[in-house]
Amino acid sequence: MVYLYNTLTLTKEKFKPLVRGQVRIYSCGPTVYDFPHIGNMRAYVFSDVLRRLFEYHNYKVIQVINITDVGHLLVEDGNISQDKIENSARIQRKTVKEIIDFYTKVFLRYLNLLQIKKPTYMPFASQHISEQIKIIQILEKKGYTYLTDEGVYFDTSKLKIYGSFGGIDLTKEGVSRLEKSSFKKNQFDFALWRFSKPQEKRQQEWQSPWGIGFPGWHTECLAMDKKYLGLPFDIHTGGVDHISVHHQNEIAQAESAFGVNPARYWMHSEFVVVNEEKMSKSLKNFLTLDDIIKKGFEPLSLRLLYLQAHYRQKINFTFEALKAAQNSLQNLYRFMKKLSFIGSFTKSKAEKQIDLGIKTAVSSYKNIFQKSIDDDLNTPKALAGLFDFITEIEKKLTAGLLNFNEAKLIKGTILKTDKVFGLFTKQETIYSLPVEIEKILSQREKLRFAGNYEKADKIRLKLLKQGWHIEDTKYGQFAYRS
Ligand code: AMP
Ligand code: ZN
C-alpha cells in the first residue's frame with residue numbers, strides 16, 4: 001500500500017489509481033533557455049523515483065514531462081521584463097529554435113547522466129498553441145476572462161475556490177511572484193494570452209481570436225496533461241515554488257473550464273539551497289551538472305545525495321556533502337563488485353545452503369525498504385536500511401564466510417531495490433577490469449601460489465601507482481580503481 005503526501009488535502013493519503021494497474025503522472029518540465037542547475041534537476045530525480053516506485057509495484061506508468069519553450073516570463077520586482085526564451089536568443093544572437101534545441105538536448109543529457117528515465121511523452125508548449133487557445137475560448141465563453149490592451153486575463157474573482165490550493169496564505173507567498181499590471185482587475189489575475197508588442201520583434205508569435213501574440217505560462221500544462229493523460233489523471237508534480245501561482249492557476253483554469261481538478265494527487269519537491277538561500281539563476285548561486293562533473297564528481301553521487309534527504313526536506317548543497325555521497329556510492333559499487341567476484345570465485349564448489357542469518361538479514365532489509373518507500377517515498381530511511389544491510393554482510397564477507405548462493409541472493413535483493421533508487425545500473429562497466437590488468441593479476445596469483453610474496457607485493461605497489469588497488473581477500477585478489 002503506497003501512501004503519498006498530497007498538497008491538495010495537506011495530508012498523507014493512501015494511493016488509489018484512477019484506472020486499475022495504471023498510474024498517470026505529469027511533471028512540470030524545464031524552461032529551456034539556459035543550462036538547468038542542479039536544483040532544477042532535483043525535481044526530476046524526485047519524479048523519477050516516484051515513477052520507479054510504481055513500476056516496482058508493477059503498475060504501468062504513463063509519464064509526461066513537458067518542455068516550456070514559450071511564454072515563461074521573467075518577473076523582476078513585480079515587473080515583467082522578458083520572455084526567457086526570446087531573451088536568451090537575443091543575448092546569444094541565436095534563433096529561438098536554436099536555443100530550444102540546444103537546451104532541450106542539454107536537459108536530455110542531464111536526465112541520462114542522472115539515470116532519470118525518459119518520460120513516455122515530452123511535449124513542447126510551442127507545439128500545442130491551438131490546444132491552449134481552445135481552453136482560453138472555453139474560459140471566455142463561461143465568463144472567466146476579460147480583455148485588456150495587454151492580452152486576455154483570467155478573472156480570479158469569478159472562482160470562489162481560487163487561492164485555496166496548498167494551504168498557502170496567498171497575500172504573503174504568492175505576491176512575490178506576481179506581475180504588476182495596471183490592466184489587471186484583481187491582484188491575482190493572470191494572463192492567458194499576451195499580445196505581441198511591435199517593438200519586441202518576437203520570433204515566436206501566433207494568430208489567435210484576440211490578436212497576434214503568445215500564450216501565458218499557466219495554460220500550457222493543462223493543455224498538455226489533458227491531451228496526453230486525460231482529465232483527471234493521477235499525480236501532478238513540480239517544485240514547491242509552483243504551488244502558490246503556477247499550479248494554483250492550472251487548477252483554477254481546469255475547474256472553471258472543465259469542472260474538474262486535473263489531478264487526484266499533487267506532489268511537490270523541496271528546494272536545493274545554498275547557505276539557506278534557494279539555488280537560482282537570479283541569485284547566481286547555482287551550479288550545473290557539468291560544473292560538478294568538471295570538479296571530478298560522478299553525476300550519480302548527486303542522485304544519491306538527493307535520495308539521502310526526503311523529497312519534502314530542503315537540501316543545503318555543499319561539496320563536502322557531495323564528496324561524502326560519492327564515497328558512499330563508491331563503497332556500494334565496490335561491495336557489489338565483491339559480491340560478483342565471490343560469485344565467480346566459488347562457483348565451482350558452490351554450496352547450496354543459505355545461512356539462516358543471511359536469510360534473516362535479507363528479509364529484514366526487504367521489509368524496511370518496502371515500508372520506507374511506500375511511506376511517501378522515504379528514500380533516506382530505505383537507504384539507511386541498505387547501508388545497515390551492507391555493513392552486516394560485509395562482516396561475513398571479510399571473514400570469507402559467504403558462499404556463491406548467498407552472494408547471489410544478496411546481490412539480487414539489492415539490484416531489485418535499486419529499481420527504485422536507480423544507482424547501480426552503471427556499476428558493472430565502472431568496475432570491469434581491463435584485459436591487461438586481468439593478465440597482471442593472473443601472473444600475480446601464480447607468484448602467490450608459488451609463495452613468492454615479495455614479488456607479488458612489488459606488483460601490487462606498481463599497480464597502486466597506476467591507481468589500481470588490490471585486496472588479497474579470502475576469495476582471491478579483488479581489484480578496483482581509486
Ligand atoms: P524551471 O525550469 O524554472 O521551470 O524549473 C524547473 C523545475 O525546477 C521546477 O519544478 C522548479 O520548481 C524546480 N526548481 C527551481 N529551483 C529549484 C531549486 N533551487 N531546488 C529544487 N528545485 C528547483
Ligand atoms: Zn506546469
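Let me sum up the structure you'll find in this document.

1. Quick look at helix α9 (residues 299-307)
- Within α9, 9 of the 9 residues are buried, which leaves the element mostly enclosed by the surrounding structure.
- Those residues of α9 lying buried are Pro299, Leu300, Ser301, Leu302, Arg303, Leu304, Leu305, Tyr306 and Leu307.

2. A short note on the sheet that holds strand β7 (residues 145-147)
- Sheet architecture is open: 4 strands sit in the order β7-β8-β9-β10, paired in antiparallel fashion. The open sheet is flanked by β7 and β10 (213-215), the only strands paired with a single partner. For this sheet, the mean angle separating the axes of adjacent strands, direction not counted, is 20 degrees.
- Sheet strands in contact with helix α4 (residues 129-141) are β7, β8 (151-154), β9 (190-195) and β10, and its direction is about 120 degrees off that of β9.

3. Considering the site of ligand 1
- In the neighbourhood of ligand 1, 17 residues make up the surrounding shell, with Thr31, Gly39, Asp241, Val272 and Met279 lying closest.
- At 3.1 Å, a backbone N or O of Gly239 approaches an oxygen atom of ligand 1.
- Within the complex, the protein chains bury 94% of what would otherwise be the 490 Å² of accessible surface of ligand 1.
- At 4 residues, helix α1 (residues 38-56) tops the list of elements feeding residues into the shell around ligand 1.
- Partitioning the shell around ligand 1 into residue classes produces 6 nonpolar, 8 polar and 3 charged.

4. Digging into the pattern of salt bridges
- The full count for this structure, using the stated rule, is 22 salt bridges.
- Residue Arg312 pairs with Asp376 through a salt bridge whose shortest N-O separation is 3.1 Å. Pair noted here: Arg312 is in the loop between α9 and β15 (315-316) and Asp376 is in the loop between α11 (356-374) and α12 (379-398), with a separation of 64 residues, a long-range link.
- On the accessibility criterion, Arg312 (35% relative accessible area) is partly exposed.
- Taking the relative accessible area as the measure of exposure, Asp376 reaches 1% and is therefore buried.
- The partner of Asp472 in a salt bridge is Arg448, and the shortest N-O contact between them spans 3.3 Å. Here Asp472 is found in strand β16 (residues 468-473), whereas its partner Arg448 is found in helix α15 (residues 435-449), with 24 residues between them in sequence.
- Taking the relative accessible area as the measure of exposure, Asp472 reaches 33% and is therefore partly exposed.

5. Brief notes about the sheet that holds strand β11 (residues 233-239)
- Overall, parallel pairing links the 4 strands, which are arranged β4-β3-β11-β12 in an open sheet. Two strands bound the open sheet, and with one partner strand each, they are β4 (60-65) and β12 (263-269). Taken over all neighbouring pairs, the strand axes of this sheet differ in orientation by 20 degrees on average, direction set aside.
- In terms of strand pairing, β11 meets β12 through 6 bridges, oriented parallel. Counted as the bridge partner of His236 is Trp266 from β12.
- Helix α6 (residues 217-228) rests against β3 (22-27), β4 and β11 of the sheet, and its axis sits at about 160 degrees to β3.

6. Examining the pairing of β9
- Among the 6 residues of β9, 6 are classified as buried, and the element is accordingly described as predominantly covered.
- Looking at chain direction, β8 and β9 are connected through 4 bridges and run antiparallel. The residue of β9 that forms the bridge with Phe154 is Phe190.
- Across 3 bridges, β9 lies against β10 in antiparallel orientation. Its bridge partner being in β10, Arg194 is matched across the sheet by Phe214.

7. So, the packing of aromatic side chains
- One pass over the full model with this rule turns up 25 aromatic pairs.
- Their ring planes at 70 degrees and their centres at 5.4 Å tell us that Tyr56 and Phe369 sit as a pair that is edge-to-face. Residue Tyr56 is found in helix α1, and its partner Phe369 is found in helix α11; the two are separated by 313 residues along the sequence.
- Taking 5.9 Å as the distance between ring centres and 10 degrees as the angle between the ring planes, the aromatic pair formed by Tyr144 and Phe154 counts as stacked. Placement of Tyr144 in the loop between α4 and β7 and of Phe154 in strand β8 is noted, with a sequence separation of 10 residues between them.

8. Notes on the environment of Asn40
- Residue position: Asn40 is located in helix α1.
- In this structure the C-alpha to C-alpha distance between Asn40 and Gly239, which are 199 residues apart in sequence, comes to 8.3 Å.

9. Considerations on empty space enclosed by the protein
- In total, this model carries 1 cavity of 30 Å³ or more according to the counting rule given.
- The space that makes up the largest cavity amounts to roughly 100 Å³.
- As for the largest cavity, its lining consists of Arg42, Val45, Phe46, Val49, Tyr306, Leu307, Ala309, His310, Tyr311, Leu377 and Thr379.
- If you list the elements that add at least two residues to the lining of the largest cavity, you get α1 and α9.

Criteria and thresholds
- Residue numbers here run from 1 along each chain, matching the order of that chain's written sequence.
- Whichever chain is written first is A, and whichever ligand is written first is 1; the rest continue in order.
- Only residues with pLDDT of 70 or above have their local features reported here, since the model is predicted, and side-chain atom pairs are shown and tallied only from 80 upward, although totals for entire chains, interfaces and linings are computed over all residues.
- Hydrogens and water molecules were not included; the side-chain quantities draw on all heavy atoms of the structure.
- Accessible area is worked out with a 1.4 Å probe on protein chains only. A residue is then buried under 20% of its type maximum, exposed over 50%, and partly exposed in between.
- The helix and strand labels rest on DSSP assignments: H or I over at least four residues marks a helix, E over at least two residues marks a strand, and numbering proceeds from the N terminus.
- Paired strands, in this sense, are two strands between which DSSP finds at least two bridges.
- Here, axes are lines fitted to C-alpha atoms. For helices the fit covers the stretch in contact, and angles between N-to-C directions go from 0 to 180 degrees.
- Contacts are residue-level and defined by heavy atoms, with any inter-residue pair within 4.5 Å sufficient.
- Here a residue is considered near a molecule or strand provided that any single heavy atom belonging to it is located within 4 Å of it.
- As used in this structure description, the phrase polar contact means that two N or O atoms lie within 3.5 Å; if the pair is within protein, one of them must be able to donate a hydrogen and the other to accept it, and residues adjacent in sequence are counted only when both atoms belong to side chains.
- All accessible areas in this document rest on Shrake-Rupley with a 1.4 Å probe, and a residue is counted as covered only by the protein chains that are shown.
- Each residue gets one of three labels, nonpolar for Ala, Val, Leu, Ile, Met, Phe, Trp, Tyr, Cys and Pro, charged for Asp, Glu, Lys and Arg, and polar for the others, Gly among them.
- A pairing counts as a salt bridge when a side-chain nitrogen of Lys or Arg comes within 4 Å of a carboxyl oxygen of Asp or Glu.
- Note on aromatic pairs: the rings of Phe, Tyr and Trp (six-membered ring only in Trp) are paired at centre separations within 6.5 Å, and the planes decide the class, stacked below 30 degrees, edge-to-face beyond 60, tilted for the rest.
- Grid spacing is 1 Å over the protein atoms alone, the probe is 1.4 Å, and a cavity is where that probe fits but cannot get out, while a pocket is an open set with protein on both sides within 12 Å along at least five of seven lines and lining residues have an atom within 4 Å of a point.
- Grid points are joined across faces, edges and corners, and a volume is the space filled by probe spheres set on the points.

Geometric descriptors of this kind do not, in isolation, establish any biological role.
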